[in-house]
Structures are given as C-alpha cells and as structure tokens.
Amino acid sequence: CTLHTHNNNMQTVVVKEQDQGHSGDMSATRKPKYMAISAQNTFVEFLICGVVSLRVDGGWMLVVLGYTAAVDQEEGVIRGTIPPPHLLVVPPGNYNREEERFDAPQVTTRDKLLPKGYSFCRCEEYHLECGLGEDRVFILTPIDIIVAQRCGANDHVDWLLEMKKFEEAIEYADKPTNARMLRPGKLQEIGLKCIYNYITLGNFKAAAQKCHEFLGPKDKFRWEDIIYSFMNYDQLPVILPFVPVRDPQLAPATYEVILNTFLQKDSEEVLLKVIDAWPKDLYDQNVIINAVQEKLKTDPDSLTLLKVKALLHELLGQYEEALKIYLKQGEKEVFGLIYKHNLYHALTENLLHLMLLDLSEAVRVLIDCRDKVPPDSVVRELDQQGYQEEFLHKYLDGLYEKDPKAGNQFHERQVELYAKYDREKLLLFLRSCNDIPLKKALDVCEHYQCYEQMVYLLARMGNPRTALELIIKKLEDVSKAIQFTMEEGDDDMWELLISLSVNRPEFITGLLKNVGTHIDPTKLIQRIPLKTQIPDLGNSLVKLLQDYRLQVNLREGCKKILVKDSQSLMEKLHRKQKRGVCIEDDAVCKACGTEAVGTDENSKFILFFCGHIYHEHCCSLKRNNVYVCRLCYAGTKSKRIEGSTHRLKKLM
C-alpha cells in the first residue's frame, strides 16, 4: 500500500489485481492491476508536511507531520510567523460500508515540535522518514534532525495529564503491566493532580473521594493543604467524612479550625456529631469550649450549643458541669452520663427531677445500680416528696420484677400501690409473694374494691363460701363461679352455688350448660322457681342432658371395668390361697421359739398364709373368733397408729 497526501487530506491506497473471471486466454502474470482507496483521514485546518505508517501492537498507526493551515506561507516565511509543526499519531480512517463513508478516528497523541528556525520553514522543507522495521521516525528540517520514538508509560501518562484526561490516566496507571513501568509515586502524583483539577472544576464530592483513595498515612501535610482548599471554597462538609483521625493524625490546630468553622457557620448539629465521633486527644477541648461560650453570648438559648458544651465538659472529665447542663435543659443524655461515669450520688440528689424527665429510664438506672443506691434510700427520698406515690410504685414494681427479694420490706406497702395504680398486676403479685399478711392485704383490697383479688385471698385464708358469694354478687361471673367451685371440689359449695343462682336467670343458663358432668341435674332443675324466664333455655337443657348422659356412660364404663378388675383379683387371691405351703423340719414357733413340728403325735400347730407357724396352745390371738398371726397383726396396727398420727398433725 502507498500513502498519498494533498493539503489536509491523506489517503491510503492499496494496489490490487483485477479478477478476470473464468477466461483462460491471459496468463496470471499478465493480469491488469488497479488502485483502491482503503482508508482516508481528513485534518481540518491542518497542512500535512509528511506521513509514515508504523506497526503498533499488531495494528497500523499513521504518523503525520504538519502545522495549522490558517497561515499564508509566503508572508509567514518573510515575517517569520510560521507556526511550529505538530507530530500526530492517528489510526487510519477505514471505509464504513454500512454508512458508506470513511471513519473519522480520534487523534491518539499530539506533540508540538520546536525545531530551530521553524518560523521561516515552508511545508515542503519538512521531511518525515521511518526506518524499515523500526518504531521511531525522523523529522528533517533545514537545520535540525529530530528523532521521535514511541512513548513509554511515563510519557503516555504525562500526555494524558496534559490533555486533562485524569480518569484515563488513573485507569492506565492502575493496570499491573503499566504500573511496573511507571516511576515510584507516579500514581499518587496522578491522583493529586486529579484532586486539584476536581476542586478547580467545582466537583468537590469526586475530589473528596479521590483523597480517600490516593492519600496515605504519610501524606499529613497534603491532607491539611487539601482541607484548607475545601474551606476556601466553603465545602468543608463534603471533605469532613474523609478527614483522617489516625494514620495520619493531623495537627491539633487543623481539627480545631474545622470545629470552629462549623461553629461560626451555625452548623451546631454537625459540630455536635463530629465532637461525639472524634477521639478526644485530637484537639484541645478548652479552645473549643471558649469559642462555644463566646457563641452562647449571642445565642444563650441554643440547645445544641449547650449540648456541645456539656459534651466537651464530659470529654475533659468535668462531669459535674456536664450534669448541670443536662439537668437544666432536661436532656435524657443525663442518664447515660450517670451510668457511664458512676455518678451515683446524682441519682438521689436529683431523684425527682430525673423521674419527671423520664420515669422509665430513671427507674431502670436505679434498679441497675441498686447495689450502689439501696432501695431504702430511694423510698425514703420519694416519701419526702409526699405527692410522688406513683413514682414509688413504678420503682418498687420494677425492683420486684428484677429481684423479688431486693425490696421485701416494702411488699406489704406494694399491695396498696398496686390496688391504686395497677390492679392488673395485683393478683399476680399476691400469688407470687408469700410474705404478705393476708388479713391486711384483704383489708386493702376491700377498701379499693378489688373483688377478684379478694376472692383469691379469701380462698387462701380458708373461707371459700364468702369468696363464692363475692364472685356471684360482686363480679357476677358465672363461669368464674363454676370454675372456683370445681377447684374446691366440695358438694356443699355446689349447693351454695345453686342456692345463690336460682334467682339469677343468666346464672341458671350458665349452670345448665356447664355443670352436667359435675352434679345431678335434678338438683338444679328442682330448685328453679316456677315461671322463671331463663334465656336460651332450650339449648341449655340439650347441653345439660348431653353432659349428664356422658357422665352416666362414664360411670357405667367405670363400673364394668371395676367389676372385671375385682373378679380378676378375686380369682388371683383364690389361686394363691389354694397353693401349698412348705414347712421345714426345724420350723420354730413364733411365740415360744421351740420346734413347732415335733414327733409327738398329739402336738398340733397352726400355719398362716403369711408363712408364720405357731403351736396351737401358743396361738391365743383371735379376731372375730378367728386366729390371726400375732406378728403380722402387730405390724398392721403400728402402721394404722402412724397414719392416724400423721393425719392428726396435718389437721393441726
């Protein structure tokens, strides 16, 4: 192929042999040839002085020498105003068959040359040559010979930076094959130029992200310089998340300037978050406290500034000052301060104030610190307030849930507190607490009309009849009455329930539906007064009969099982009594200790089924005119006496 140039156009021409079809008259050596344009590049306002082709990475690139065409050569030679030449590297513009036009590829590299006397040189005085098989070109001028060779990795990066293609430079330098050829620190140099370029363009977010990528532990001063650059553009919040606090740790003055900037810009919320997040050894807290105090003179009611001041006092170890500010402003951070720094004395000194601020949190802290702040001191302090009885209830309730034994001296008092402020928990408290005087608890429940709790206490005190009357007359709950009577399991209680319910139609309905399996239904039906209007009577009777039929069937089934078991046991007993008993020759009488089986034909003995043997004249113990074994009878009698004694003790 050959290269053909004219002014600002360059064409790549390929010589090809013309295809003669299937004709055999002409030999292959005599085939006609023709030229075809394979590529074309057009350079607008660029006068071409020379062009050569180079093979680069398996492809072809065009090296073009020329300068701007917007100049009169004759006049420029006389006046010496010819511009300097440029050396361009560009891919060939191949023909696009789909669009039926030549491509317009972008220039890969562009270098400006400054040969001696270039301002007086015409276009034809420049020559561009390339050695065969070499990847360098020679630029010949009337005075100079310039050698241009393929760029290295560093040269390519420098050119990308010069062309403001920072992202491409970073991407190129990140490749492992290219990174090995770059100078040490070249990648960071690219990153810094990219950062400052973003700052200049106003893309501060991208600049901040690049700082995080390219600045390392040893770039303390560069960090500070970039932070001040962001401050100059009033973009400190953008760089704030990336400001390092370790590796590297900046100068204290830098951190103080950052905090003071937020303070002066009325960004108190940001200031508070930064102070809370940064380690306290980065800066001098006294410097910031002084600045905050000056700011408070102009805005004394700023809650955020007061929080900042309290936090700074806490960082300095001045917990009392921080506590005063939190209490004065009613901030819930006071609980965290007390808990974190063991300020237990503040709990009792400011108890009422803390409970008014947040009752639940105050109770939690007091209970967690009960080993440091005893319950006695808390109750005494609350009693002195007089009208804060509900606070006392919340505290004692939480204390009992956490540790039932911690405040056992106040359990009797808690009965009244539960009755006044939380009746739902009173019954559970009475069930779980065993050190409460039942009579006093009953009096309290009666005073506050806690009938459900009274039922439990009366049953526990052995007065179920009064408890049942209370359920029926006060609670008016037939289901609870039936359940209570079932638990007692006493026929007299069922009689009482029926007698108290016969004049209450709704109770009769409940009894008809639920007691069929527990009592004889006729006892209930016969007690119902005549002409009583009973709601849902039909369904209630059906349910009663079904339950009673079930009860009868169960009894009959149990009776059959009992009869069968009794018969089986009787047969077993009969078989055992029919079996023979072996008597040893040396068997002795259990009464006199002599041989029971002798040679005397007149000697008689009695053998019991228990295996004991007696002489007839030694066996004198009879019951119901029948001889019984003295040993077995004595053992049975002692067991009966022991059982009677045990029952007597239990009753006492």
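Let us look at the structure shown here. (Residues numbered from 1 in each chain as written. Predicted model: local features only at pLDDT ≥ 70, side-chain atom pairs only at ≥ 80, totals over all residues. Heavy atoms only, no water.)

### Some details on the packing of helix α13 (residues 319–329) against helix α14 (residues 333–341)
Put simply, the rule is: Fitted lines through C-alpha atoms give the axes, limited to the stretch in contact for helices. The angle between two N-to-C directions lies from 0 to 180 degrees. Helix numbering and strand numbering both begin at the N terminus, where a helix is a DSSP run of H or I of at least 4 residues and a strand a DSSP run of E of at least 2. Just so you know how the angles are binned, under 35 degrees is roughly parallel, over 145 roughly antiparallel, 65 to 115 roughly perpendicular, and the rest oblique. When the near helix sits turned anticlockwise from the far one by under a right angle, the crossing is termed left-handed; a clockwise turn instead gives a right-handed crossing. Note on contacts: a residue pair qualifies if any of its non-hydrogen atoms lie within 4.5 Å across the two residues. All amino acids are sorted into three groups, where Ala, Val, Leu, Ile, Met, Phe, Trp, Tyr, Cys and Pro are nonpolar, Asp, Glu, Lys and Arg are charged, and the leftover types, Gly among them, are polar.
Put simply, α13 and α14 touch, their axes get as near as 9 Å, and they point 155° apart. Viewed along their axes, α13 and α14 adopt a mutual orientation that is roughly antiparallel. Handedness of the α13/α14 crossing: left-handed. From α13, Tyr319, Ala322, Leu323, Tyr326 and Leu327 reach across to α14, where they touch Glu333, Val334, Leu337, Ile338 and His341. Classifying every residue of the contact of α13 with α14 gives eight nonpolar, one polar and one charged.

### Notes on the pairing of strand β11 (residues 136–140)
Rules: A 1.4 Å probe rolled over the protein chains alone gives each residue an accessible area, and that area as a share of the maximum for its type sets the label: buried under 20%, exposed over 50%, partly exposed in between. By definition, two strands form a pair when at least two bridges between them are found by DSSP.
The side-chain alternation of β11 yields one buried face, formed by Val137 and Ile139, and one unburied face, formed by Arg136, Phe138 and Leu140. Bridge analysis of strand β10 (residues 127–130) against β11 gives four bridges, and the strand direction is antiparallel. Note that in β11 the partner of cysteine 130 across the bridge is valine 137. Of the strand pairs in this sheet, β11 and strand β12 (residues 145–149) are connected by five bridges, and their pairing is antiparallel. When the bridges of β12 are listed, phenylalanine 138 appears paired with valine 147. Between β11 and β12, which pair antiparallel in sequence order, lie four residues.

### Here we look at the pattern of salt bridges
Note the following rule: What counts as a salt bridge is simple: a side-chain nitrogen of Lys or Arg found within 4 Å of a carboxyl oxygen of Asp or Glu.
Inspection of every chain in the model, using the stated rule, returns 24 salt bridges. Notably, a salt bridge pairs lysine 210 with glutamate 167, separated by 3.7 Å at the nearest N-O pair. With lysine 210 in helix α6 (residues 204–214) and glutamate 167 in helix α3 (residues 166–174), this pair connects stretches of sequence that are 43 residues apart. Under the relative-accessibility criterion, glutamate 167 is labelled partly exposed at 39%. A salt bridge links glutamate 412 to lysine 440; its shortest N-O distance comes to 3.4 Å. With glutamate 412 in helix α20 (residues 411–421) and lysine 440 in helix α22 (residues 438–447), the pair connects residues that are 28 residues apart, well separated along the chain.

### Here's the deal with the packing of helix α24 (residues 464–475) against helix α26 (residues 491–501)
Remark: α24 packs on α26, axes separated minimally by 11 Å, with the N-to-C direction vectors making an angle of 30°. With respect to α26, the element α24 is oriented roughly parallel. In the packing of α24 onto α26, the handedness of the crossing is right-handed. For the pair formed by α24 and α26, the contact residues are Pro464, Arg465, Leu468, Glu469, Ile472 and Lys473 on the first element and Asp492, Met493, Leu496, Leu497, Leu500 and Ser501 on the second. When grouped by side-chain class, the residues that make up the contact of α24 with α26 number seven nonpolar, one polar and four charged.

### Topic: the side chain of glutamine 414
In this structure, glutamine 414 sits in helix α20. Residue glutamine 414 is classed as buried on the basis of its relative accessible area, which comes to 3%. In this structure, glutamine 414 is in contact with Leu396, Asp397, Tyr400, Gly407 and Phe429, ignoring residues within four places of it in sequence.

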